[in-house]
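# Topology and contacts: notes
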Amino acid sequence: GDKVKQSPSALSLQEGTNSALRCNFSIAATTVQWFLQNPRGSLMNLFYLVPGTKENGRLKSAFDSKESYSTLHIRDAQLEDSGTYFCAAEAMSNYNVLYFGSGTKLTVEP
Amino acid sequence: NSKVIQTPRYLVKGQGQKAKMRCIPEKGHPVVFWYQQNKNNEFKFLINFQNQEVLQQIDMTEKRFSAECPSNSPCSLEIQSSEAGDSALYLCASSLLGNERLFFGHGTKLSVL
């Protein structure tokens, strides 16, 4: 079964609005990373998280290891935020592997 | 954001042919990973290295895939005999320490006809 469930699978936002993406883990996640993949395939690392929160500009992410979830909040969405967002978790069972969610395809419209 | 360089960007092979792709990790990063991303956005870990040493590889990698990270040369991933199911985006990533903050390259998109 899915070790990392990511939702929603697709999302459409108007410029300037806010939204949140979520990942639920069925593994004992120890760290989480969030990536943005552009249409050409390049994966950009947005956050690396131990349990807690981080903020970078209009993005804010949280990871709760006890409740087994992570969120990515996007504030004041811009056109360049469009792409596919992936979360990925490291688990106690295997520190060599990242377990990826299936992605959220975000489209920001003018 | 990332300085991981992957070549070629696109690779087209016939079934049974060898397919080789290369990766230059970010400078100073001793840990290198290869992942396969299929058209359904499923990521599969293939192999990882610490410097030149293999840390872990999956069964698929052991049988038809070969990979290496020689010192002072690009890392490489080679499929000995390509199959249609190997068509995917192959992503190389590097890090300073384990899974701590991975930086990915643009990937090599392999199409096996």
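Residues numbered from 1 in each chain as written. Chains lettered and ligands numbered in written order. Predicted model: local features only at pLDDT ≥ 70, side-chain atom pairs only at ≥ 80, totals over all residues. Heavy atoms only, no water.

Turning our attention to the environment of Gln33(A). Tracing the backbone shows Gln33(A) in strand S4 (residues 29-37). Of the residues examined, Gln33(A) reaches a relative accessible area of 0% and is grouped as buried. Residue contacts for Gln33(A): discarding those within four places in its chain leaves Asn45(A), Phe47(A), Tyr48(A), Phe86(A), Cys87(A), Ala88(A), Leu98(A), Asn99(B), Glu100(B), Arg101(B) and Leu102(B). (Helix = DSSP H or I, 4+ residues; strand = E, 2+ residues; numbered from the N terminus. Buried < 20%, exposed > 50% of the residue type's maximum accessible area, 1.4 Å probe, protein only. Contact = heavy atoms within 4.5 Å.)

Time to look at the interface of chain B and chain A. Taken together, the contacts link 21 residues of chain B with 23 residues of chain A. When residues of chain B are sorted by the area they lose upon contact with chain A, Phe43(B), Asn99(B) and Arg101(B) head the list and together hold 31% of the total. Taken together, chain B and chain A are joined by zero salt bridges. The tally of links from chain B across to chain A stands at eleven residue pairs in polar contact (both at pLDDT 80 or more). Counting only elements with at least two residues in the side of chain B that touches chain A, the list comes to strand S4 (31-37), strand S5 (43-50), strand S6 (53-57), strand S9 (88-95) and strand S10 (103-104) of chain B. In terms of residue class, the side of chain B that touches chain A is built from ten nonpolar, eight polar and three charged. (Buried area = accessible area lost by both parts, 1.4 Å probe. Salt bridge = Lys/Arg side-chain N within 4 Å of Asp/Glu carboxyl O. Polar contact = N/O pair within 3.5 Å; in protein donor to acceptor, adjacent residues only side chain to side chain. Nonpolar A, V, L, I, M, F, W, Y, C, P; charged D, E, K, R; others polar.)

A word on the layout of surface pockets. Roughly 500 Å³ of internal volume is contained in the largest pocket. Gln37(A), Pro39(A), Gly41(A), Leu89(B) and Lys109(B) are, among the 24 residues lining the largest pocket, the residues nearest its centre. Listing elements by their share of the lining of the largest pocket, those giving two or more residues are strand S9 (83-91) and strand S11 (104-109) of chain A together with S9 and strand S11 (108-112) of chain B. Top element by residues in the lining of the largest pocket is S11(A). It accounts for three residues. (1 Å grid on protein atoms, 1.4 Å probe; cavity = no way out; pocket = protein on both sides within 12 Å on 5 of 7 lines; lining within 4 Å. Points joined across faces, edges and corners; volume = space filled by probe spheres on them.)

This next bit is on the environment of Ser12(A). Residue and element names in this part refer to chain A. The residue Ser12 is located in strand S2 (residues 10-14) in this model. Distance in space between the C-alpha atoms of Ser12 and Val108 is 5.9 Å, their sequence separation being 96 residues. If we ignore the near neighbours within four places in the chain, the residues touching Ser12 are Thr107 and Glu109. Side chain to side chain, Ser12 and Glu109 meet in a polar contact 3.4 Å long.

Counted by the stated rule, this structure contains eleven aromatic pairs over all chains. Summarising the aromatic geometry, the rings of Phe100(A) and Phe104(B) are spaced 6.3 Å apart at their centres and angled 70° between planes, so their arrangement reads as edge-to-face. Taken as a pair, Phe100(A) in strand S10 (residues 94-100) and Phe104(B) in strand S10 lie in two separate chains rather than in one. Both residues of the pair, Phe100(A) and Phe104(B), count as buried. Both rings, one in Tyr35(B) and one in Phe45(B), keep their centres 5.7 Å apart while their planes meet at 75°; by these two values the pair is edge-to-face. You can see Tyr35(B) sitting in strand S4 and its partner Phe45(B) sitting in strand S5, a full ten residues away along the chain. Considered together, Tyr35(B) and Phe45(B) belong to a single accessibility category, that of buried residues. Put simply, the rings of Phe35(A), Phe86(A), Phe100(A), Phe33(B), Tyr35(B), Phe43(B), Phe45(B) and Phe104(B) pair up and form one aromatic cluster. (Phe/Tyr/Trp six-rings, centres within 6.5 Å; stacked < 30°, edge-to-face > 60°.)

Turning our attention to the side chain of Ser19(A). All names here are of chain A. For Ser19, the location among the structural elements is in strand S3 (residues 19-25). The buried category is assigned to Ser19, whose relative accessible area is 17%. Apart from the residues within four sequence positions on either side, Ser19 is in contact with Leu11, Leu13, Leu72, His73 and Ile74.

All names here are of chain B. For the structure on display, the rule yields three disulfides over all chains. The partner cysteine of Cys23 in its disulfide is Cys92, sulfur to sulfur 1.9 Å. Between Cys23 and Cys92, the S-S dihedral sits near -65°, and the bridge is therefore left-handed. Residue Cys23 is found in strand S3 (residues 19-24), and its partner Cys92 is found in strand S9; the two are separated by 69 residues along the sequence. The two residues Cys23 and Cys92 agree in class, both being buried. Between Cys69 and Cys75 runs a disulfide, and the two sulfur atoms are separated by 2.0 Å. Taking the sign of the S-S torsion, 110° for the link of Cys69 and Cys75, the bridge is right-handed. Judged by relative accessible area, which is 4%, Cys69 ranks as buried. (Disulfide = S-S within 2.5 Å.)

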